[in-house]
Structure formats: structure tokens, C-alpha cells
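What follows is the residue order along each chain.
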Amino acid sequence: MNAIDLLVQDHKLVKKLLEELCATTERAVKKRAELLQRIEQELQIHTALEEDILYPAIKQAGGKEEAKMYYEAKEEHRTVDALVLPDLLHTQPGTLEFAGRVKVMKELLEHHIEEEEEELFPTAKKLLGKDQLDELGLAMQAQKKLLKGEQRAA
């Protein structure tokens, strides 16, 4: 599986989990907590794959425009990882505040996913080509396996 296919597959999973989370009510405290934990784990791994493997390859192969995309994408990750997700993790799952924060995180992530799939990934395909995307995909699969193992051990 090449790098883009793997990341798009991750996007679909996170969007599905977010849909499930948004569909819950204040009474589904346990389910909300479980879904949020799963989303957090998926996002941590996905962010690491993009920031450690794909983004640097695009930045290195591209020019000023690609460098701008690189920094914007990293900033969007930081917004979710450092601001939105930590607040959500400290919000009681049985509250309306939790539902509001979930909706905001979902909107941010959907915007980010759309930009990646419509701008960044097509740019990566042009700049890197099939062989390099296949190599990056193998590296990502190995990294993903390692990170999932670390999460289970923690």
C-alpha cells in the first residue's frame, strides 16, 4: 500500500469514529470515553506518520509553495494535538460542553483532511512519484506497527 492510500484509509477511519462520537448523547458516557480514546490513539499514530515520513519528503522535493503547505499542515496538527484534544480529554463526557468540543474538533479535522486529500496528496503524487510513494508506504506501515505496539505496552 502506498503512502497516500494508507493515509486516506486512516482519514476514513477517523471520520467514521468522529461520526460515531457525534451521534452519542450525554448518557453514553462510557462509549464517548472509549471513542475519544480510540480517536486520540489513531490521531497520534497518523500525525507521526505524516510529520515524520510524508511531510518532510514533500518539503524536500518541493519549493516554497510546498514548504508553506508543510508548515500549515503541521500547524493544523498542533492545533488539534496541543489545544483541542487536551481540552476535550479534560471535559466530562456526559456534558453538553463535551458535545460542543467534539463538534469543533470534527470540523477542524474534516477541514484538514479535505486540504490534504485535495491539495497536499496530489502534490505528493506529482513530486514523489509511484516508486517513492510505495517506499514511503512501506516505511509508514512499519512505523504504524511499531507505534501501535508501543501504545498497547503503555
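Our structure's up above, just so we're on the same page.
All values reported here derive from a predicted model rather than from experimental measurement. (Residues numbered from 1 in each chain as written. Predicted model: local features only at pLDDT ≥ 70, side-chain atom pairs only at ≥ 80, totals over all residues. Heavy atoms only, no water.)

## Some points on the overall build of the protein chain
Counting its regular elements, the protein chain contains 4 helices and 0 strands. Listed by position from the N terminus, the elements making up the protein chain come as α-α-α-α. In terms of overall dimensions, the protein chain is globule-like: its C-alpha atoms have a radius of gyration of 16 Å, near the 15 Å expected for 154 residues. Projected onto its principal axes, the C-alpha coordinates of the protein chain cover approximately 50 × 30 × 20 Å. Within the protein chain, contacts between residues at least 6 apart in sequence are counted, and of these 76% link residues at least 24 apart. Total accessible area on the protein chain stands at roughly 8,700 Å², and carbon and sulfur atoms take up 53% of it. On the protein chain, the mean spot of the 23 positive side-chain charges and the mean spot of the 31 negative ones are 4 Å from each other. (Helix = DSSP H or I, 4+ residues; strand = E, 2+ residues; numbered from the N terminus. Rg over C-alpha atoms; globule rule 2.2 N^0.38 Å. Contact = heavy atoms within 4.5 Å. Areas by Shrake-Rupley, 256 points an atom, 1.4 Å probe, with all protein chains shown as cover. Lys, Arg positive; Asp, Glu negative; His and termini not counted. Charge placed at Lys NZ, Arg CZ, Asp CG, Glu CD.)

## Re the packing of aromatic side chains
What characterises a pair of aromatic rings is the spacing of the ring centres plus the angle enclosed by the ring planes. Scanning all chains against the criterion turns up 2 aromatic pairs. Ring centres of Tyr 55 and Tyr 70 lie 6.4 Å apart, and the angle between their planes is 75 degrees; on these two criteria the pair is classed as edge-to-face. One end of the pair, Tyr 55, is in helix H2 (residues 29-61); the other, Tyr 70, is in helix H3 (residues 64-89), with 15 residues separating them in the sequence. On the basis of relative accessible area, Tyr 55 is assigned to the buried category, the value being 2%. For Tyr 70, a relative accessible area of 13% corresponds to the buried category. A ring pair is formed by Tyr 70 and Tyr 71, whose centres lie 4.8 Å apart and whose planes are at 85 degrees; its orientation type is edge-to-face. Put simply, the rings of Tyr 55, Tyr 70 and Tyr 71 pair up and form one aromatic cluster. (Phe/Tyr/Trp six-rings, centres within 6.5 Å; stacked < 30°, edge-to-face > 60°. Buried < 20%, exposed > 50% of the residue type's maximum accessible area, 1.4 Å probe, protein only.)

## Focus on the packing of H3 against helix H4 (residues 96-153)
Interhelical geometry of H3 versus H4 gives an angle of 160 degrees and a closest axis separation of 10 Å. If you check the angle between H3 and H4, you find them roughly antiparallel. For the pair H3 and H4, the crossing hand works out as left-handed. For the contact of H3 with H4, the per-class residue count stands at 13 nonpolar, 5 polar and 8 charged. (Axes fitted to C-alpha atoms, helices over the stretch in contact; angles between N-to-C directions. Parallel < 35°, antiparallel > 145°, perpendicular 65-115°, else oblique. Left-handed = near helix turned anticlockwise from the far one by under 90°. Nonpolar A, V, L, I, M, F, W, Y, C, P; charged D, E, K, R; others polar.)

## A closer look at the nonpolar core
Core analysis: the biggest nonpolar cluster contains 23 residues, and Leu 7, Leu 49, Leu 54, Leu 128, Leu 133, Leu 136 and Met 140 have the highest contact counts within it. Where this core is concerned, the elements lending two or more residues are helix H1 (3-22), H2, H3 and H4. When sequence neighbours within four positions are dropped, the list of residues in contact with Met 140 reads Ala 3, Leu 6, Leu 7, Leu 49, Ile 53 and Leu 54. Leu 18, Leu 43, Leu 85 and Val 102 belong to the second largest nonpolar core, which has 16 residues in total. (Core = buried A, V, L, I, M, F, W, Y, C linked by side-chain atoms within 4.5 Å.)

## Re the pattern of salt bridges
Summed over the entire model, instances satisfying the criterion amount to 13 salt bridges. A salt bridge links Asp 10 to Lys 144; its shortest N-O distance comes to 2.5 Å. A residue pair is termed long-range when its members are at least 10 positions apart, and Asp 10 in helix H1 and Lys 144 in helix H4 qualify at 134 residues. You'll find Asp 10 and Lys 144 in the same group, each marked buried. Note that Lys 30 is salt-bridged to Glu 34, the shortest N-O span being 3.7 Å. On the criterion of helical spacing, the pair formed by Lys 30 and Glu 34 is a turn pair, its members being 4 residues apart in helix H2. Look at the salt bridges and you will find they share partners, linking Glu 19, Lys 106 and Glu 110 into a network. (Salt bridge = Lys/Arg side-chain N within 4 Å of Asp/Glu carboxyl O.)

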